[in-house]
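If you want the building blocks of each chain, they are given just below.
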Amino acid sequence: MNTIFSNTKDAFSIKTDFELLRAHFLFKIIENNFLVKIGSSLINLALKFYIPITPIIKITVFNHFCGGISENDCNSVINKMYNKNVCSVLDFSTEAFKNETEFDKCLKKKLSIIDFITNRTEIPFAVFKPTCLGREGLFEKVSSNQKLDLNEEQEWKRVINRFNEVCNKAFQNNVKILIDAEEVSVQKAIDDLALKMMIKFNREKAIVYNTIQMYRWDRLDYMNNILNNHVDIIFGFKLVRGAYMEKEREIANRLKIESPICIDKESTDINFNLAVDLVFKNLDRVSLVCGSHNETSILKILDLMNEKNIDKNDDKIWFGQLYGMSDNISFNLGIKGYNVFKILPFGPVRNLIPYLIRRAEENTSVKGQTGRELQLILNERKRRKLEKI
Ligand SMILES: Cc1cc2nc3c(=O)[nH]c(=O)nc-3n(C[C@H](O)[C@H](O)[C@H](O)COP(=O)(O)OP(=O)(O)OC[C@H]3O[C@@H](n4cnc5c(N)ncnc54)[C@H](O)[C@@H]3O)c2cc1C
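Heads up: these notes are all about the structure in this document. These figures come from a predicted structure and were not determined experimentally.

## Details of the side chain of Lys238
- On the secondary structure map, Lys238 appears in strand E5 (residues 235-240).
- Judged by relative accessible area, which is 10%, Lys238 ranks as buried.
- Within the structure, Lys238 has its side chain in polar contact with the side chain of Thr211 (distance 3.3 Å).
- Excluding residues within four positions of it along the chain, Lys238 makes contact with Leu178, Asp180, Asn210, Thr211, Ile212 and Val289.

## Side note on the sheet that holds strand E4 (residues 208-213)
- Strand order in the open sheet formed by eight strands is E1-E8-E7-E6-E5-E4-E3-E2, and the pairing between neighbours is parallel. Strands at the two margins of the open sheet, each flanked by one partner only, are strand E1 (87-92) and strand E2 (125-128). When the angles between neighbouring strand axes are averaged without regard to direction, this sheet yields 30 degrees.

## Quick notes on the pairing of E1
- For E1, the tally of buried residues reaches six of six residues, placing the bulk of the element in the interior.
- Judged by which residues are buried, E1 turns out to be covered on both faces: Cys87, Val89 and Asp91 on one side and Ser88, Leu90 and Phe92 on the other are all buried.
- Summarising the sheet, E1 and strand E8 (residues 340-346) pair through six bridges and their orientation is parallel. When the sheet's bridge partners are listed, Phe92 is paired in E8 with Phe346.

## Observations regarding the site of the ligand
- Arg241, Gly242, Thr268, His293 and Asn294 are the nearest of the 27 residues found near the ligand.
- Between the ligand and Ala181, the relevant distance is 3.0 Å, taken from a nitrogen atom to a main-chain nitrogen or oxygen of the residue.
- A distance of 2.9 Å separates an oxygen atom of the ligand from a polar side-chain atom of Lys265.
- The fraction of the free accessible surface of the ligand (930 Å²) that becomes covered by protein chains is 89%.
- Looking at the shell around the ligand, the elements with two or more residues in it are E4, E5, helix H11 (245-255), helix H12 (265-281) and strand E7 (317-322).
- At three residues, E7 tops the list of elements feeding residues into the shell around the ligand.
- Of the residues that constitute the shell around the ligand, the class distribution is ten nonpolar, ten polar and seven charged.

Rules used throughout
Each residue is numbered by its place in its chain's sequence as written, counting from 1. Where totals are concerned, whole chains, interfaces and linings use all residues; where local detail is concerned, this predicted model gives features only for residues with pLDDT of at least 70, and gives and counts side-chain atom pairs only at 80 or more. Neither water nor hydrogens contribute to the side-chain values; these are computed over all heavy atoms in the structure. In this description a helix means any DSSP run of H or I spanning at least four residues, a strand means any run of E spanning at least two, and both kinds are numbered starting from the N terminus. Relative accessible area decides the class of each residue, using a 1.4 Å probe on protein chains only: under 20% of the type maximum gives buried, over 50% gives exposed, and in between gives partly exposed. Identification of polar contacts relies on pairs of N or O atoms within 3.5 Å, with a donor-acceptor requirement for protein atoms, meaning one able to donate a hydrogen and the other able to accept it, and with residues adjacent in sequence counted only if both atoms are side-chain atoms. Residue contacts are defined here by distance: any two heavy atoms, one from each residue, within 4.5 Å place the two residues in contact. If DSSP finds at least two bridges between two strands, the strands pair. Between N-to-C directions, angles cover 0 to 180 degrees, with each direction set by a line fitted to C-alpha atoms, over the stretch in contact for helices. Any residue with at least one heavy atom within 4 Å of a molecule or strand is counted as near it. Method for areas: the Shrake-Rupley scheme with a 1.4 Å probe, in which residue coverage is limited to the protein chains shown. Only Asp, Glu, Lys and Arg are considered charged, only Ala, Val, Leu, Ile, Met, Phe, Trp, Tyr, Cys and Pro nonpolar, and every remaining residue, Gly among them, polar.

This is the structure we're talking about:
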């Protein structure tokens, strides 16, 4: 199907010939399930035995999917993309944070990033993963309404304070902030905290955005519920399909409980579309971030915006894709004047390896995604060759 996303010249306008060749090579490897499995195991083994593989990872997969090692390191990519009207959201790698000292360190980092991006229109949101501010086991206990002992109660208070500190800083600096969604086992505690933050900081406009995973069949009810029960706040919703499908299904199987995930991809897509409809019905009090690489979902939102005469650059509606993927969507949206950003992960190469392995695994498991990326890259390489003749 030919759509506004088929234009590869604009899609890859910031990529050099070398970067395109590298992307071609990477997606060729990612396409192969066997190579991804072997590659991931070898990388983990090499890291365990301190074999110096990070320089190779840095110039290949890291540079394709990540912005750099530090905030300043990312500036060159940020500026190149912003030249094409594509914004960035800096996502500091948080895989390494596991204890109270590290949660505090992570909090400091998140606060400093908010300072770094304040008043920079090219970086419209901050973002954080909730379990980088507290222990996963504690989020699980709170989510399942288990009784906390005295120490845990203190520990949970510290988590609430960290949430509050990040959101308050975002509010004070007028920076919109995205709260990532995680596994179902920790999500209820995250949702409750996110709602508290929205009640506190989203009185006049959406500052805090919670993420809603539409691969969960219970999420439409959840959205309807909070919309009906809180009529005096502006909601920020980041709609995604959800990243932990296989893990959730495996847990449900093991515990012999009903899976929280929609029965098939089509049901997830229907659920996603219904959530989009719900958002558009309530646009006077909902702001939307559509975090998706799905062209059909994005085209649906463009149609609705057109139908309802909403300006392309209305701050209520943003689109987001991951850096290194679906450039055809991001750059063609940007060139047409829509609000769009790339999630730009950054941090030490070693810390980002789990993220990079996830990207490879997700691209291998999500049917069609890699084939689509490869075809677009091939088309653009062909187009450039012809242009040079
Ligand atoms: C900007 C951005 C932010 C994100 N933030 C988060 C986040 O905070 N939390 C999070 O969990 N994810 C997040 N994601 C990842 C997201 O949830 C998806 O995993 C990813 O974007 C792929 O979905 P899609 O809509 O892009 O594309 P598509 O390729 O159309 O959809 C693939 C998705 O459909 C669902 N799916 C696939 N097969 C089936 C099946 N058989 N049955 C039911 N459902 C199925 C899965 O969710 C799968 O990931 C984010 C993605 C982006 C782009």
